[in-house]
Amino acid sequence: MNNAFAPAHEVGAGQLPVSLKNNPYVDGWLSLARDGCIDAYTGKVELGQGIVTALAQIVADELLVDIASVRMVPASTQYSPDESITSGSLSVQHSGLSLRAVCAQTRNLFVQAAARKFNVVPSTVTVLNGEFVSGGRACGSYWQLAGEVDLHVRAEMPDAMLASTRRDYVGTNYRPFGLEQKTQGTYPFIHDLAMERMVHGRVLRPPSPYAVLGDLDLADWRSIPGIVGIVRNGSLIGVIAEQEYIAERVLRQIARAAVWAERDSLPSQRELSAWLRSRESETTVIERKPEHSGAVATYAEKWFSGDFLKPFIKHASIGPSCAYAQVTASTGLRVWSHSQGIHNLKTDLCAAFRMEPSRVEVQHVPGSGCYGHNGADDVAYDAAWLSLHADNRPVRVQWSRSDELNWSPLGSAMSVRIEADVDENAKVVEWRHTVWGPGHSLRPGRAATPTLLGSWYAEDAFPALSSINAPQSSGGGADRNIVPLYDFPHCALICHRALDISLRSSALRALGAFGNVFAIESMVDDIALAYGRDPLQYRLDNLSDPRAIAVLVKAAGLAGWNFDPERINDDDTGMGIGFARYKTGGAYCAVIAKVNVTHEIRVESLFIAVDVGEVINPEGVIQQIEGGAIQATSWTLYEQARFDAKGLVDGDWETYPIIRFSQVPDVIVEILPGAGRPPVGAGEPSLGPTAAAIGNAVRAALGVRVRNLPISPDEVVRAMEPGLAQ
């Protein structure tokens, strides 16, 4: 697979945003509609994070128009810029800054046009709600001047002096588009689409990753009333029916009759960490100081070490993946999908079905419950495959709950070891961090062959690929946030990407940052406490970045942090800190968790301070930070993907629990001023720090360091076993 990942860090002054470099024409981003609207195009898609609203706020302020005149056009491969994937807290950074630059250039092109047409000096032309004025004289509107301006020009980074300073919308809590429809149950989710002559499809999934389907006579099922077709291709069987319940019922009958050849490929659950470390791997050294010897420094007073485990986590979308597809001679293949990357999905569909790109279109339609690479792309393959056998009729495919839990890509497991050499003043003199596990990306569109699940089980199957890691310049994968922000003089940071893992894993919110921050912040706490230091003050003493210090101080103030070593482990409550700068160069986030431990571990409160640079929509930022913190609470206390020797088990909510509403903690979020820096995204910074804060709070409450996630009662008991207790 190639490493075509977008850079994660801020662009330099005067440089075009990466999305604009790849989609360089202004009219690929904006057009003036005859109905008085401005159509704005983006390759980023709405996943419930409010990105479309935030982008419209940017467009309105930069063009100096009313936001009601801005129409955000749903993404399609036919007319939307190719911005790869909507992921990684990068949408405002990539698409927002591209639109801001394009809008500034467009506004100035129209100012020049107005000046020419009305023979006035450009510097005298101002814009008020889309109307151009010079010295009190009306010079037309965007729409009246449209014939004077050619927008098919290459985008240029406008002079900073010409950028809009209006902030009527940016920085305000503008209500998200579609909020009313969601509260009223009328929001157009993909599951609700209805098309003329639509039929329903289901695809049989194998019982385990390496299963091969044996002989099976399908004739009797093909004659059942309501069945449109039953097709087989290798180990794939698909049912097409007039009604959804017929497709579902017949598929269950076929599943009971199917005979599969399976083989073992997995260790016992308890051996996961050792198994990850034993796999063939590809090694990357992230940073290794020349003076590092690999041995304990002679001037170190103490040596600390810890082994941590983040298990495989299921994507666990609330709404099962769904897609529609139709093939006709005139239109080719049309697909409706809630994919995070419609252009990448199109690339893999073209490869899987050997179609010319001009014959394939993917239209985005919002889904529900997406935290990374879920089953949206795979179910689109299912629908596309079945549409080839549906006599020009549109096919709707919706996965079952079991398919969603056991065949959507997993969040990758990580085994982490940290060692630290510390001097007599509690200063870390050497820090060693090693991570083992599969990569964190198996998204479509980045390899020579498809990563779509169904394409790996066809008669002429494409090879099953190993997940990869993005390079550090794009935020990394398993090594995301492996670089500590603390002022440690020497660091050795190593990532072993495990190959040939039968469980299919890919991008899940925060990627490796979740496991790495949990491990780093646990170790930092252990060192501080071993020297009798306040964990908050110890962090402040080892940081020189003022923005990092500011979020820690603010979070401590929100929580009323008051460290008293005499109170550790003296009752059932505890407070703990977690901190990170996401992707090492993104948003700063500090979390303080308050937990209560009785027969179970309950997180009562999370106090969070965050610095995301420029804030487009404060309420949107708070919602993203809250959502990340709540999901991190679920991962930290409840979630792990269990498996037997052949594959995953637990295909329903009873056996794979996620956090319940009654278990959701109070979350208090405060946004700090961004120090005049550009926006860096808010979707993922809070996950790692929240996990670390909970782990440290549990240690404060019980005096026990739990290093294996989730921090369940069983893991607490195990951590108390001789040889493991702290």
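Numbering of residues starts from 1 in each chain and follows the order in which that chain's sequence is written. Note on the predicted model: pLDDT of at least 70 is required for a residue's local features to be given, and 80 or more for side-chain atom pairs to be given and counted; whole-chain, interface and lining totals, by contrast, use all residues. Side-chain metrics in this entry use all non-hydrogen atoms of the structure; hydrogen atoms and water are not considered.

**As for the sheet that holds strand 10 (residues 236-241)**
The pairing criterion for strands is at least two bridges between them, as found by DSSP. Strands here are runs of E lasting at least two residues and helices are runs of H or I lasting at least four, both read from the DSSP assignment and numbered beginning at the N terminus. Reading across from one edge, 9-10-7-17-14-15-16 is the order of the seven strands in this open sheet, with mixed pairing throughout. Looking along the sheet, the strands with just one partner apiece sit at the ends: strand 9 (227-233) and strand 16 (360-364). Put simply, the sheet's adjacent strands are angled 20° from each other on average, direction ignored. Relative to strand 10, strand 7 (residues 199-203) is paired through four bridges, and the arrangement is antiparallel. In the sheet register, H200 faces strand 10, and the bridge partner there is A241. Across the face of the sheet, helix 6 (residues 244-257) comes into contact with strand 7, strand 9, strand 10 and strand 17 (395-398) while running at roughly 150° to strand 10. Whether two residues are in contact is decided by their heavy atoms: any pair within 4.5 Å suffices. Fitted lines through C-alpha atoms serve as axes, helices being fitted only where they are in contact, and the angles separating the N-to-C directions of these axes extend from 0 to 180 degrees. Across the sheet, helix 8 (residues 342-353) is in contact with strand 15 (332-337) and strand 16; its angle to strand 16 comes to roughly 150°.

**As for the nonpolar core**
Take the buried Ala, Val, Leu, Ile, Met, Phe, Trp, Tyr and Cys residues and link them wherever side-chain atoms come within 4.5 Å; each set so joined is a nonpolar core. Relative accessibility thresholds used throughout: buried, under 20% of the residue-type maximum; exposed, over 50%; partly exposed, between the two (1.4 Å probe, protein chains only). Counting residues in hydrophobic clusters, the biggest one holds 93 residues, and the most contacted among them are W431, I527, I608 and I711. Counting residues per element, this core draws most heavily on helix 11 (residues 513-530), at nine residues.

**Comments concerning the packing of aromatic side chains**
Geometry of an aromatic ring pair is reported as the spacing of the ring centres plus the angle between the planes. Aromatic rings from Phe, Tyr and Trp, taking only the six-membered ring of Trp, are treated as a pair when their centres fall within 6.5 Å; an angle between ring planes under 30 degrees marks them as stacked, one over 60 as edge-to-face, and anything in between as tilted. What the rule picks out here adds up to 16 aromatic pairs. Where Y174 meets F177, the ring centres are 6.3 Å apart and the plane angle is 90°; that geometry is what we call edge-to-face. Ring pairs connect the aromatic residues F110, F132, Y142 and W143, which therefore count as one cluster. Two conditions define a charge located above a ring, namely a distance within 6 Å from the ring centre to NZ of Lys or CZ of Arg, and an angle within 35 degrees of the ring normal. Lying over the aromatic face of Y25, R154 brings its terminal NZ or CZ to 5.5 Å of the ring centre. The ring of Y187 has K182 sitting right over it, with the charged end atom 4.8 Å from the ring centre.

**Overview of the sheet that holds strand 1 (residues 30-32)**
Sheet architecture is open: three strands sit in the order 1-2-3, paired in mixed fashion. Both outer strands of the open sheet, strand 1 and strand 3 (70-73), are each paired with one neighbouring strand and no more. Sheet twist, expressed as the mean angle between neighbouring strand axes with direction ignored, is 25°. Relative to strand 2 (residues 38-41), strand 1 runs antiparallel, the two being bridged by three bridges. Paired with L30 across the bridge in strand 2 is A40. Strands strand 1, strand 2 and strand 3 of the sheet are contacted by helix 2 (residues 51-63), whose axis makes an angle of about 140° with strand 3.

**Thoughts on the packing of helix 2 against helix 3 (residues 91-118)**
Two elements in contact, helix 2 and helix 3, have axes whose closest approach is 8 Å; the angle formed by their N-to-C orientations is 25°. Here helix 3 runs roughly parallel to helix 2, going by the angle between their axes. Between helix 2 and helix 3 the crossing geometry is right-handed. Contact residues: I51, L55, I58, V59, E62 and L63 in helix 2; S91, V92, S95, G96, L99, R100, C103, A104, T106 and R107 in helix 3. Three categories are distinguished: nonpolar for Ala, Val, Leu, Ile, Met, Phe, Trp, Tyr, Cys and Pro, charged for Asp, Glu, Lys and Arg, and polar for the others, with Gly belonging to the last. Partitioned by chemical class, the residues of the contact of helix 2 with helix 3 number nine nonpolar, four polar and three charged. These descriptions rest on fixed angle ranges, namely under 35 degrees for roughly parallel, over 145 for roughly antiparallel, 65 to 115 for roughly perpendicular, and the rest for oblique. In this scheme the handedness of a crossing depends on how the near helix is turned from the far one: anticlockwise by less than a right angle means left-handed, clockwise means right-handed.

Any functional reading would require information beyond the geometric quantities listed.
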